[in-house]
Structure formats: structure tokens, C-alpha cells
Amino acid sequence: MDVSRLLDELNDKQREAVAAPASDMLILAGAGSGKTRVLVHRMAWLMDVEGLAPYSILAVTFTNKAAREMRGRVEQLQGSALRNMWIGTFHGIAHRLLRAHYAEAKLPENFQILDSDDQYRLVRRVLKSLNLDEKHWAPKHVQWYINGNKDEGLRPEHIETHGDASQQKMREIYQVYQQTCDRAGLVDFAELLLRAHELWLHNPNVLAHYQQRFRCILVDEFQDTNNIQYAWLRLLACPANNMIIVGDDDQSIYGWRGANVQNIQHFLRDYSQAKTIRLEQNYRSSGNILRAANAVISNNEGRLGKELWTEDAEGELISLYAGFNELDEARFNVSRIKDWRDKGYALADCAILYRNNAQSRVLEEALLQESIAYRIYGGLRFFERQEIRDALAYLRLINQNIDDAAFERIVNTPTRGLGDKTLSLVREVAKENEQSLWLSAVQLIEEKRLSGRALSALDNFIKLIKQLQHDINELNLEQQADHVIKHSGLFAMYKAEKGEKAQTRIENLEELVTACKQFTPPDEAENMSPLSAFLAHATLESGETQAESHQDAVQMMTIHTAKGLEFPLVILAGVEEGMFPSQMSNEEPGKIEEERRLCYVGMTRAMQKLYITYAENRRLYGQEKYHTPSRFIKEIPSEYIEEVRLRTTISRPVHNRFSPVTGHTAFDSTGFSLGQRVSHPKFGEGTVLNYEGAGEHARIQINFDEFGSKWLVLSFAKLNPA
Ligand code: ATP
Ligand code: MG
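Computed from a predicted model, the values in this text were never measured in an experiment. (Residues numbered from 1 in each chain as written. Chains lettered and ligands numbered in written order. Predicted model: local features only at pLDDT ≥ 70, side-chain atom pairs only at ≥ 80, totals over all residues.)

K.L.:
Got a minute to help me understand the overall build of the protein in this structure?
P.N.:
Within the protein, the regular secondary structure consists of 26 helices and 25 strands. For the protein, whose C-alpha radius of gyration is 29 Å, the value lies close to the compact-globule estimate of 27 Å for 722 residues. Each principal axis of the C-alpha atoms in the protein carries an extent, and together these give about 95 × 80 × 55 Å. Within the protein, buried positions represent 44% of all 722 residues. Looking at the protein alone, contacts between residues at least 24 apart form 73% of all its contacts between residues at least 6 apart. (Helix = DSSP H or I, 4+ residues; strand = E, 2+ residues; numbered from the N terminus. Rg over C-alpha atoms; globule rule 2.2 N^0.38 Å. Buried ≥ 20, exposed ≤ 12 C-beta atoms within 10 Å, placed from the backbone. Contact = placed C-beta atoms within 7 Å.)

In C-alpha cells:
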């Protein structure tokens, strides 16, 4: 058999890993050294040379996007589609297991996934039912507590409170929250993993089946597994099968979410026969980028230690731009992307990476202004938009009446005159009888325990859902979505709202119908109705992509989301103290190092060209802050970086003065630049902060020393340089 295609284009070390005899293996290597490539080739090798069926291979990646890419690459090597191979994220795989074994996992057949937004609402509801004040019991904190415990494999009864009253209260909240979820057939993200772990723990026969099935388990980005994920892998990977993990301690960036880089050491302890292979050649980034990234990460202590080298030429220097403010920074970034495009390169080869999702808005606006297409991964996600969530909630409630989160969301959307009092009563009855909101509502109606108006409003709602349920029974998925959107009142509600936003909402709802039409259920959905499969898909996907589009577009995402990916051109934006590293990381030990690893991840996404930009002033969350460049910029040796200095000059709008002599329109244009000191006859002196628009409509923002910040129409403001 010709296996050379599996070994060509690999270096010796990589080849050793790909062609190793069956064994447990750790591939420990830095960014861009071909770890993921080795996994892909190993999978092909296992099938072609070791004769493993695709059915016997399990591959775990960190994001759905990475999973899709991995499947694509294996299929390309094999030249055929591999329907039976399990490739997915931990969450995706856990979900698949729970669907297949819902009864053993003590879940209703139609259980729904609760995403983090729904979870937040549910936590608030639980707090309310316990009469707890959100000021003292911040819902976000409660959410973090619940998920954190689940990530450690802890149920309320496992938590030691040491007699501490507030700890006990927390535990009680967790308990009530969990009961509520169980009653409503809801599973949050952390629960997916914990349940899947318990499924195996409590059902040895189920576990044995998968132990026999998966002869080889491959895990990418292992450094970011958390304890429950590792425990889950431990159960699965018995001596009869092999586990191959790849990871890079320098890219461990999910510590804040419970990831435990020590799992690498645990693996070496638990699988003492495992072979370790190190890869040191980087194939991704040009010399300057790689050496700069190496220099930055070398400031961390306690690394497992590795230095990457490349055969590539130095390439271009890293370019650094200091924007006067975030708008100036965004305009600069967009101008670089335009240049790139004008040289004939694809927009899809450019990525803008940032620390926080909130930073994207300004960048988005700058791109929109220049009509440059962009796509955001994570962030403004299609399935998270309000109207989409509303429509999905209708579908969910229709699909499963006991879905309390869906019930809550739409019981009064559109408004049908249901007051807080009525809803509180429904919740109370639900709590008393430990049953769903739906059942409680039905009960209240039957027992006529409500006043006339409330009774008929609630009755109408229940009837509406039942009617819809009946109507869509025989329809296909696309028709179901269309019918529910049109007949639930949602469409009419958004139609009645005026303005562009409402229009976008309508378009999004239409897009949802299209999404249903384009949806092909994955293999694991074979026993589910198309609607259930779609709802699960919508929840799992909402974390990552937007509606598919084949347009060439700039890729925008947080650095966390960019893990494992690569782009010819990368712009790292907002690299200033207080943003990156974040303000908070200054206060917690070890956090700066995690931020530095994040910086390393960001820099090493770049293949040919890297821009690093920051803003000296930034308005975020409604506050103006002055920032110094990030310490990470200072850690880059000067020989790898060049500073770009071009402060935008605002041209004063054209003053159309008709000249009777020449018959031409003459104009004068006086430049002001951002950050310049100016004076105004009435407001005195100030600093130019910002501008927008052009021509007669141009406006300029000045921060006056005495009067604070003001927007002035440039053509009327009698401004002079100070
Ligand atoms: P990360 O840590 O960022 O996930 P990685 O170690 O998984 O990186 P890959 O994504 O597998 O690295 O590889 C980085 C790039 O180098 C890819 O474009 C890959 O195709 C290429 N590459 C890897 N090995 C080789 C090789 N031996 N010859 C040529 N190109 C290679
Ligand atoms: Mg990788």
C-alpha cells in the first residue's frame, strides 16, 4: 500500500509520531509546529496502515470550527467522506452520548440544552423563588459557582461548606437550580460533561461498549481540558485502547474557565508508558513574527520549555500603530485591510483579533463605512439575536411543553396582558408541585384560579401553543419554522415596530427559515425529529459561527476563539494596558501569565504579516480612559518591530465660496488633527478627540478644558489652533 502520501511533507519528528506503533502518546510542541497536522495524518495512518475502521476513532477538538476543519483534512487525505468517525468538541460528543443514552442518563428523551444566556435567566428566577436579593447574590457569580463545581465533577451533596452560612446558601441555590433544570428537561453546558461522565460511571456496560469501540482517542489542544473532561477521558482510555494528546503549555488560555494545564503532567503520571514527542520547527510564521512571539512568552516562568525555530526568511517586520483613540485605531486597521485587498489578496486571509467581544463594534463600524465584508466568530451570533431566540423559544416550547426557559421567554412576547402577578402565581404553583410552568398554567386555568382577564390571556397562550403544535405536525422543518414565526404573533410584532432595527429583525427571522431549509441533521441526530435536531444544533452552534455565507470576508474574533487557526495577515487590536492585559488580571496572581500566553496565541496566528495596534484614549462601556501601550509590546525586541506614525488629519469641510471673478467655487481647507490643542471663542481651549462625517456634515468632538466634551459642526465652529 502506498502510504507515502501520509508521510510526505512531514519532518522526521512528525513522521515518528504519525507512524509510531500503537501506544499512548503526548505531542508537546509550540504554536504552528504541526501538532494538528500530525493528528490528522495519524488518523489516516490508523485507518490505512493499522486497519482501524473510522468507527473506532474518536477525535476531540476545542471548537466546532476546528472540528469541521479536521474532518475536512482527514477526508481530503482519504479521498472519501467519513460518516462514522466521531470528531467533535467535548460538549458536542457529550451531547451525542446523552442523546443516545438519555434513559440511562436519567434525562427525558427530548431534553434541551440551556445556553449561558438561558442559564443566567434561570438563575435569576431561582434567586427570586428563594427570595434572595440579587445585590447580594449576583446571578453571574452564582452561574460561575454552579459551572465551576460542575467542572470539578461536584454535585451539591459533594460540596463541603464547613458550616459557613453563605456557602450553605450557595449550595442550596445550586441544588434548587439543578432541580429546576431536571424538572424541565434542561441541560446546561457544564451539565453535558458532568452527565456524560456520570453516565459512564454509573453504567459500566455503556462505558464498556465505548471502551471497546474507540480503539484510539485523539485530543487536540489538550492543555485546555478541565478536570471533568480529563476524568471523562480517563474512563474511556483503558489499557486496551490508546490515547494521543497534543498540547502546548504556552497556549493554555482557559484557566479562568477551569482548564487545568497540569492535566499534561497528570497524563504522564496516569499513562506512564506514554511516548513523548517534541516538535520544534515552526511552519507557520515568518522569522520576525516567530522570534518576537518567542521573546514575549519567555517572560513567563515555569514553562515546560521549548524554543521554536523556522526555516522561513525574516519576512516583514511587525508593524505597531498607536491610534489617538479607538476610532483612529479602527480606521487605520481598515486602511491596512483595504491595501491588502487592493493588492489582490483575499479578505478571508485577514483576521482582526481582540481581547474582548465588546471591542468589535467600533471595528465593525469602520469596516461597514468602507463597505468591507466581515464575519464575526463568537460575538454577535445569529442564534443569539433577540428575535431568533424568541422564535426558537416558540419552537422549543412546541417541541417540549416542559421547557421552562422557553415558556418564560415567550409567555408574554408579544405582550398579551399577562401581569407579573399572574406569572408569579404560575411559578409558585410550579415550585409547590415540583412541576413545569406549562403544567402549572394548565392547572390554574382548569381550576379557574385566576381573574377573568388573566385567565383568558393565559388560556389563549396555552391554546396558541397547542394550535401551533397541531398545525405543524405534518410539515417539514422549513415549513414548521415559517408557520410558527408567522402565526405566533412574532412576525406581526416586529413588523409593527418601525425603523431599520425592526427591518433587520424581520430579515433575521426570514434567515432562520432559510437556516432550517439548509439544515442537514448530523449523524448523531438519527433518532431525533428534525426539529429537535435543529434546536440542538442552534444551541451548540450559537457559541461560534454566524449564518453561513460564502462571501469573501474579513475574519473577526477574540483571541480565544482564534486558537488553532492561522491567517496570512493578522491585526491584533487594542493592545494596551488595562485592555490587554486586562485590568482584572493585574489583581490576581498568575493572571498576567495567562494574558501573556494569550498574547502568544494571538501573535502566532500570523503567517506573513502582523500588525499590533492600540489606542491612547479609549471609550468603552461609556467611559473615556487613557492608556499606555501594553507591557507585551515592550517585551518585543525592537529589531522585530517598526512603528507606523501617521496621525489622521481632519480636513475642514469644503466651504463653497463662489467667486464672481473666476466663476469657480473656491474653498479653503484647514487641517486639524486628532489630539491637537484648539481654541474656541466661547468654550476656550480643548483637545480634538474625534470626528465623523464629511463635507458640510462633518462634526468634530473637542474635549474642552472647562466645558468638557462637545460635538461641533466643523463648518460652523470657529476653531483655531491653540
Ligand atoms: P497551533 O499550536 O497553533 O494549534 P499546530 O502545532 O497545530 O499549531 P498546525 O496548524 O498543524 O500547527 O500547522 C501549522 C502550519 O504549518 C499549517 O499550515 C501546516 O499545514 C503547516 N505544516 C505543518 N507541518 C508541516 C511540514 N512538515 N511541512 C510543511 N508545512 C507544515
Ligand atoms: Mg493546532
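So much for the structure itself; the text now carries on.
K.L.:
What is the right way to look at the site of ligand 1 in this model?
P.N.:
Lining the immediate environment of ligand 1, one finds 18 residues, of which Gly34, Lys35, Thr36, Arg37 and Tyr283 sit closest. Examining the composition of the shell around ligand 1, we find that three residues originate from one element, helix α3 (residues 35-48), more than from any other. (Near = placed C-beta within 6 Å.)

K.L.:
Honestly, the UniProt feature "binding site: ATP" (unreviewed entry) in the protein in this entry has me stumped. Any pointers?
P.N.:
The feature "binding site: ATP" (unreviewed entry), as given by UniProt, occupies Ala29, Gly30, Ala31, Gly32, Ser33, Gly34, Lys35 and Thr36 in the numbering adopted here. Looking at alanine 29, the number of C-beta atoms within 10 Å reads 25, which means it is buried. Ignoring anything within four residues of it in the chain, the contact list for alanine 29 reads Lys35, Asp248, Arg278, Leu279, Glu280 and Lys306. Structurally, serine 33 can be placed in the loop between β1 (25-29) and α3. On the basis of neighbour counts, which here come to 28 C-beta atoms within 10 Å, the residue serine 33 falls in the buried class. If we ignore the near neighbours within four places in the chain, the residues touching serine 33 are Leu279, Glu280, Gln281, Asn282 and Leu308. (UniProt positions renumbered as here; feature names shortened; annotations may be inferred.)

K.L.:
Is there a simple way to explain the packing of α3 against helix α4 (residues 64-78) in this structure?
P.N.:
Geometrically, a packed helix pair is captured by the angle between its two axes and the distance between the axes. α4 packs onto α3 with a crossing angle of 45° between their chain directions and a minimal axis gap of 9 Å. For the element pair α3 / α4, the angle class is oblique. Like other packed secondary-structure pairs, α3 and α4 cross with a definite hand, here right-handed. When α3 is examined against α4, the residues Val40, Met43, Ala44 and Met47 are found in contact with a partner set consisting of Met70, Arg73, Val74, Leu77 and Gln78. Tallied by class, residues from the contact of α3 with α4 come to seven nonpolar, one polar and one charged. (Axes fitted to C-alpha atoms, helices over the stretch in contact; angles between N-to-C directions. Parallel < 35°, antiparallel > 145°, perpendicular 65-115°, else oblique. Left-handed = near helix turned anticlockwise from the far one by under 90°. Nonpolar A, V, L, I, M, F, W, Y, C, P; charged D, E, K, R; others polar.)

K.L.:
In this structure, what is going on with the pairing of strand β7 (residues 242-247)? I would like to understand it.
P.N.:
Consecutive side chains along a regular strand alternate between the two faces of the sheet. Most of β7 sits inside the fold, with six of its six residues counted as buried. Side chains Asn242, Ile244 and Val246 of β7 all project onto a buried face; the interleaved residues Met243, Ile245 and Gly247 project onto the opposite face, where all are buried too. Summarising the sheet, β1 and β7 pair through four bridges and their orientation is parallel. Residue pairing for β7: methionine 25 is matched across the bridge by isoleucine 244. (Pairing = 2+ DSSP bridges.)

K.L.:
Sorry, what's going on with the confidence of the model for the protein here?
P.N.:
Interpreting fine coordinate detail is not advised for predicted regions of low pLDDT. Averaged over all residues, the pLDDT of the protein is 87; the fraction at 70 or higher stands at 92%. Overall, residues 543-548 carries pLDDT values under 50, and its contacts beyond four positions in sequence, including any with other chains, amount to 15 contacts. Scored below 50 in pLDDT, residues 652-669 makes 24 contacts in the model with residues more than four places away or belonging to other chains. Across the predicted assembly, pTM comes out at 0.76 and ipTM at 0.99. (pLDDT = per-residue confidence, 0-100.)

K.L.:
Is there a simple way to think about the sheet that holds β1 in this case?
P.N.:
Two strands in a sheet stick together by hydrogen bonds in their backbones, pointing the same way (parallel) or opposite ways (antiparallel). The parallel open sheet is built from six strands, whose spatial order is β3-β2-β6-β7-β1-β8. The outermost strands of the open sheet, each flanked by one partner alone, are β3 (86-89) and β8 (275-279). Adjacent strand axes in the sheet meet at a mean angle of 15° when their direction is disregarded. Bridge analysis of strand β2 (residues 57-61) against β3 gives four bridges, and the strand direction is parallel. Bridge assignment links alanine 59 to a residue of β3, and that residue is isoleucine 87.

K.L.:
What is the right way to read the environment of lysine 135 from this model?
P.N.:
Locating lysine 135 in the fold gives a position in the loop between α6 (116-129) and α7 (139-151). The sequence separation of lysine 135 and glycine 51 amounts to 84 residues, and the corresponding C-alpha distance is 60 Å.

K.L.:
What is the right way to read the environment of tyrosine 283 from this model?
P.N.:
Counting through the fold element by element, tyrosine 283 comes out in the loop between β8 and α13 (287-297). Residues tyrosine 283 and threonine 310, spaced 27 residues apart in sequence, show a C-alpha to C-alpha distance of 6.5 Å.

K.L.:
Which parts of the structure should I look at to understand helix α18 (residues 420-433)?
P.N.:
The α-helix advances 3.6 residues per turn, and as a result positions three or four apart in sequence lie on the same side. Its 14 residues give α18 an end-to-end C-alpha distance of 20 Å, which sits within 8% of 20 Å, the value for a rise of 1.5 Å per residue. Along α18, the positions that sit buried rather than exposed are Thr422, Val426 and Ala430. Here the buried residues of α18 occupy an arc of 80° about the axis, which is enough to place them on one side. Facing away from the buried side of α18 by more than 90 degrees, the exposed set consists of Asp420, Lys421, Ser424 and Glu432. Summarising the contacts, the buried residues of α18 are in contact with α19 (437-446) and α20 (452-472). Glutamate 434 sits one or two residues past α18 and shows a positive phi near 50°. (Expected span 1.5 Å × (residues − 1). Arc of directions from axis to C-beta.)

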